[in-house]
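Observations on chain architecture
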Amino acid sequence: MIRWLQGLGAWTLARMARLGRASLFLLRVLAGLPGLLARFRLLVHQLYSVGVLSLVIIVVSGIFVGMVLGLQGHNTLVDFGAEDSLGTLVALSLTRELGPVVTALLFAGRAGSALTAEIGLMKATEQLSSMEMMAVDPHRRVVAPRLAAGVIAMPLLSAIFTLLGILSAYVVGTELLGVDAGAYWSQMQANVSFYDDIASGIIKSLVFGVVASWIAVFEGFDCMPTSEGVSRATTHTVVNTSLAVLGLDFILTALMFD
Amino acid sequence: MGTDTAPAEEPLIEIRDLHFARGERAIFSGVDITVYRGEVTAIMGPSGTGKTTLLRLIGGQLRPDAGEIRVAGERVDRLSRRALYRLRRRMGMLFQAGALFTDLTCYENVAFPLREHTRLSEALIHQLVLLKLEAVGLRGARHLYPAELSGGMARRVALARAIALDPELVMYDEPFSGQDPISMGVLVKLIRELNDALGLSSVVVSHDVAETAAIADRIHVIADGEVIASGSPEALRDTDSPWVRQFMDARPDGPVPFHYPAPSLAAETLGGEAP
Amino acid sequence: MDKTRAIEIAVGLFVVAGLAALTVLAMRVSNITAFQTTEGYTVIGHFRNVGGLREGAPVKMGGVQVGRVSGISLDTDTYEARVELTIDSRFDDLPMDTSASVLTSGLLGEQYVGLEAGGMPTALQPGDELMLTQSAIVLEKIIGQFLYNKASGSDSGSDGGTEGK
C-alpha cells in the first residue's frame, strides 16, 4: 500500500516537473519569437514542412469527411422532411467541431510527429549541442520558427479542411441526393453566424495550433538522445496531442457555446 | 613534434578543484588542469572517465558542483547566459561524430556560424567558407550533404565549421575514434597544423595514445575522477607509475583489472556452494 | 537556390489558399454580410410572441430582403417582445403604417420578419414604432385550439357550451 502510494507520488511529481520544464521551455522559445521577424526565411521554410506538406492529407480527409457528412446528414434529415437543412447541418458540424478537431488530429500525426522526430534526432546527433557551442541558441534558431509555423498553419489548414468539406457535401447532396442547391446555401447562410460559429472555430484551431506545436517541439527537445528515446517521444507527441486536443475541445466548446 | 614551441606561459583555461557528479556517481573529484595558450593539450584516460563531460564543463553546457573554471579569465560557471554565449564565439568545438546539420550542405554548414554572428556580405562569406574548407582539404566537397560524406570527411567539415569564426580555442572530442589509419593521419596533421598556423590553443580529448602523444605538447591523464599524471609525452612515457604505464603501453591487465568487479567466478557458477 | 524559390512559392500559395478559404467561410457560408450592411435605420415592433425568431434573421418585404433583426428583448411594462428591425437605408420611404409579422419560410424553415406596406403618404422615421404587428404562429396553440373546437363542437352539437373561454 505504502509502495503504491509512493509510486503514485513519484509519478505525480515527475509529471509536475515535466510540466514545469515544458512551461519554462515555452517561455524561452516565446522570447525568441520577436527575432523571427528579422529572419523571415526560417519561418517560411518551416511553413513549408509543417503546412504545405500537410496539405495533401488535409485536402483528402476534408473531401471525404464532407461526403460522409452529406450522406449521413441527408439520411437523417430526410426522415423529418428537412433535407433542405443539410447545408446548415454540415456547415455547423464542420466549422464548430470537425474542422478544428480533425485538422488538429491529422496535424499531430503528420506534422507533429515529424517535428518531434526532427528535433529529437538533432539532439541525438549532438546538432543542438554543437549549435549551443557555436553560441547559437537552439530555442531561437530551431524551435521558435517551428512553433510559429505550427500556430500559423493550423487555422489555415482547418479553414481549407472545413471549406472542402462543405463543398463536397454540397456536391454529394445536390448531385447525388437531389437536395435543392439554393436551399443548401441559403439555409446555411441564415443559420451559420460569423461570430458564433466561424470565429470560434478559428479560435479553437489557433489554440490547438499552439498546443499541438508546443507538445511536438517539447517532446523532441526533451527526449532521451537515443533512437529509442526519439521513437518514444514521437509516439508521445501523437498520443498527448490527441488527448490534449479532445480534452481542450470540450472545455472550449463549453466556454464558447454555453 | 612541436615541443619546441615555447611561448610565454600564459594560461587560457584554468580548472581548479573541480567537482562534478552525475546523480550518485562522482565523475570528477578535485581536478586541476591548466591549458596554456598556443599549445595542444591532451586529456587522456580510459572510456567512461568523463573526458567529454570535461569539455562540456569548459564550454559552459554543464555547471560544476564545486570548484572553478576560468576561460580567458572569465568564470564560465558563473557567467550569465548572454555572457556565456559571447564567450562561446571565441571557442570552437569538434564533436565526436561531427554533428553537422544534416539538412544543410557542407558549404552551408561552414557558413552557418558566419551567417548567425556576422553581417558579412554573401561574397565575403563565400570567400571565407572556401578558405576554411580549403584548410581541411574539402573545398571540392562543398556541395555534398553530410550523409554523402565518410566519417573522416564529416569530421573535417565540422572542423572547418568550428574554426569559421577564428576562435582562440578549439576543443576536440575523441577526434580519432573509429577512423581508418589514413583519415586518422590526416586529422592528426590537421590538428597540429591548424593550431600552429592559426595561433589557436587546442584541447584534445582522446584515448588513442600514439596519435595523441604525437601532437600534444602536454598530456593530462584522468582516472577515477582525478588527474593522475601530467607532463609532456616524453615524460609520461618514462614514468614509472604502473597505472600510466598500463595505459600508455596498452596492456590488457594491470592496475586497471581486465574484469569488472564481481564475486568470484567459482562462487557464481557453482551456485555459491563451492568451498 | 531554385529549391528555395520553389519552397517559397509553395508557401505563398498555401497561405493564399488558407486565407481564401477563411474568406469564403466568412462571406459565403456565414451571414457576415449582415454585419456589413447594418448601415440603415432602426424601427421597433412589439410582438406578443416572436416564436423562434433570432437576432440576425432577415427582414423581407415582398420576398426581398430589406434588413435584419438587430435586437430582441422583453418589454417589462407590457410583457411583449420588443424587436429592433434595422432597415437598409436604401428603403427610407416605407409608409408609416407598414405592418410586420413573424413568418416561417416553409414548414420547418427559418423564421423571418415580413413587412407589408400600408397606404399612408408619410414615411417611417428612425426610432418609430410599427403600429400593426402580427405574432408568430405557434403550432401547438393552433393545434390545441383546433382540437378544443372540435371537441366542444361534437359535445353539444351546437355553439352553446363555451363556458370555459
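- An unreviewed UniProt entry annotates chain C as Putative phospholipid ABC transporter-binding protein MlaD originating from wastewater metagenome.

A word on the interface of chain B and chain A
- Contacts between chain B and chain A engage 22 residues on the former and 17 residues on the latter.
- Between chain B and chain A the total buried area reaches about 1800 Å² when both faces are included, carbon and sulfur atoms providing 55% of it.
- With a shortest N-O distance of 3.2 Å, Arg39 of chain A and Glu116 of chain B are connected by a salt bridge.
- Our enumeration of links across chain B and chain A arrives at twelve residue pairs in polar contact (both at pLDDT 80 or more).
- Among the elements of the structure, helix 2 (81-88), strand 6 (91-94) and helix 3 (106-117) of chain B are those that each provide at least two residues to the side of chain B that touches chain A.
- Considering each element in turn, the side of chain B that touches chain A owes the most residues, four residues, to helix 3 of chain B.

Remarks on the environment of Thr23 of chain C
Residues and elements named next belong to chain C.
- Note that Thr23 resides in helix 1 (residues 2-29).
- A relative accessible area of 44% means that Thr23 is categorised as partly exposed.
- Along the primary structure Thr23 and Gly67 are separated by 44 residues, whereas in three dimensions their C-alpha atoms are 23 Å apart.

Topic: the sheet that holds strand 5 (residues 99-104) of chain C
Residues and elements named next belong to chain C.
- Read from one edge of the open sheet, seven strands run 1-4-3-2-6-5-7, paired in mixed fashion. Two strands bound the open sheet, and with one partner strand each, they are strand 1 (40-47) and strand 7 (132-134). Strand-to-strand twist across the sheet, computed as the mean angle between neighbouring axes with direction ignored, equals 30°.
- Pairing geometry for strand 1 and strand 4 (residues 80-88), over eight bridges, is antiparallel.

Things to note about the interface of chain A and chain C
- The interface is formed by 30 residues belonging to chain A together with 26 residues belonging to chain C.
- Both faces considered, chain A and chain C share a buried interface measuring about 2600 Å² in area, 76% of it formed by carbon and sulfur atoms.
- Of all residues in chain A, the largest losses of buried area upon contact with chain C belong to Leu156, Gln189 and Phe194 of chain A, amounting jointly to 21% of the total for that side.
- One can count one salt bridge joining chain A with chain C.

Side note on empty space enclosed by the protein
- On inspection of all chains with the given rule, the structure shows four cavities of 30 Å³ or more.
- Of the pockets and cavities examined, the largest cavity occupies roughly 130 Å³.
- Lining the largest cavity we find 15 residues, and of these Met133 and Met134 of chain A together with Met91, Gly92 and Ala162 of chain B sit closest to its centre.
- Secondary structure elements with two or more residues in the lining of the largest cavity: helix 5 (127-133) of chain A together with strand 6 and helix 5 (151-162) of chain B.

Details of the sheet that holds strand 10 (residues 226-231) of chain B
All names here are of chain B.
- Pairing is mixed across the open sheet formed by six strands, whose spatial order is 6-7-8-3-9-10. Each edge of the sheet is formed by a strand with only one pairing partner; in this case those strands are strand 6 and strand 10. Within the sheet, the average angular offset between the axes of one strand and its neighbour, ignoring direction, is 15°.
- Relative to strand 7 (residues 169-173), strand 6 is paired through four bridges, and the arrangement is parallel. Across the sheet, Gly92 pairs through a bridge with Val170, a residue of strand 7.
- The sheet strands contacting helix 5 are strand 6 and strand 7, and the helix crosses strand 6 at an angle near 170°.
- The sheet strands contacting helix 6 (residues 181-197) are strand 3 (40-44), strand 7 and strand 8 (201-206), and the helix crosses strand 8 at an angle near 160°.

Section: a positive patch on the surface
- A contiguous patch of positive charge on the surface is contributed by Arg140 of chain A together with Arg81, Arg82, Arg86 and Arg89 of chain B.
- The biggest single contributor to the positive patch is helix 2 of chain B, with three residues.
- Note that Arg89 of chain B resides in the loop between helix 2 and strand 6.
- We classify Arg89 of chain B as partly exposed; its relative accessible area is 39%.

Quick word on the layout of surface pockets
- Taken as a whole, the second largest pocket encloses approximately 720 Å³ of empty space.
- Along the wall of the second largest pocket there are 24 residues; nearest its centre are Lys123, Ser129, Glu132 and Phe221 of chain A together with Gln61 of chain B.
- Sorting the residues of the lining of the second largest pocket by element identifies helix 4 (86-124), helix 5 and helix 6 (138-176) of chain A together with helix 2 of chain B as the ones contributing at least two each.
- With four residues, helix 2 of chain B is the single largest residue contributor to the lining of the second largest pocket.
- Residue composition of the lining of the second largest pocket, grouped by class: eleven nonpolar, four polar and nine charged.

Brief notes about helix 9 (residues 227-256) of chain A
All names here are of chain A.
- Between its terminal C-alpha atoms helix 9 stretches 42 Å, which fits the 44 Å expected from 30 residues at 1.5 Å a residue.
- Within the span of helix 9, buried status applies to Gly229, Val230, Ala233, Thr234, Thr237, Thr241, Ser242, Val245, Asp249 and Leu252.
- Of the surrounding secondary structure, the elements contacted by the buried residues of helix 9 are helix 4 and helix 8 (194-221).

Considering the domain arrangement of chain C
- Its domain assignment divides chain C into domain 1 (1-30) and domain 2 (36-138).
- Here the C-alpha centroids of domain 1 of chain C and domain 2 of chain C sit 41 Å apart.

With respect to the pairing of strand 9 (residues 218-223) of chain B
Residues and elements named next belong to chain B.
- Burial runs high along strand 9: five of the six residues are buried.
- Looking at chain direction, strand 3 and strand 9 are connected through four bridges and run parallel. Bridging from a neighbouring strand, Thr41 pairs with Arg218 of strand 9.
- Here strand 9 pairs with strand 10 via five bridges, running antiparallel. The residue of strand 10 that forms the bridge with Val221 is Ala229.
- From the end of strand 9 to the start of strand 10, which pair antiparallel, there are two residues, and Asp224 there has a positive phi angle of about 50°.

Conventions used here
Residues numbered from 1 in each chain as written. Chains lettered and ligands numbered in written order. Predicted model: local features only at pLDDT ≥ 70, side-chain atom pairs only at ≥ 80, totals over all residues. Heavy atoms only, no water. Contact = heavy atoms within 4.5 Å. Buried area = accessible area lost by both parts, 1.4 Å probe. Salt bridge = Lys/Arg side-chain N within 4 Å of Asp/Glu carboxyl O. Polar contact = N/O pair within 3.5 Å; in protein donor to acceptor, adjacent residues only side chain to side chain. Helix = DSSP H or I, 4+ residues; strand = E, 2+ residues; numbered from the N terminus. Buried < 20%, exposed > 50% of the residue type's maximum accessible area, 1.4 Å probe, protein only. Pairing = 2+ DSSP bridges. Axes fitted to C-alpha atoms, helices over the stretch in contact; angles between N-to-C directions. 1 Å grid on protein atoms, 1.4 Å probe; cavity = no way out; pocket = protein on both sides within 12 Å on 5 of 7 lines; lining within 4 Å. Points joined across faces, edges and corners; volume = space filled by probe spheres on them. Patch = residues over 30% accessible without salt bridge, like charges linked within 9 Å, V, L, I, M, F, W, Y side chains within 5 Å. Areas by Shrake-Rupley, 256 points an atom, 1.4 Å probe, with all protein chains shown as cover. Lys, Arg positive; Asp, Glu negative; His and termini not counted. Charge placed at Lys NZ, Arg CZ, Asp CG, Glu CD. Nonpolar A, V, L, I, M, F, W, Y, C, P; charged D, E, K, R; others polar. Expected span 1.5 Å × (residues − 1). Domains from an automatic or database assignment.

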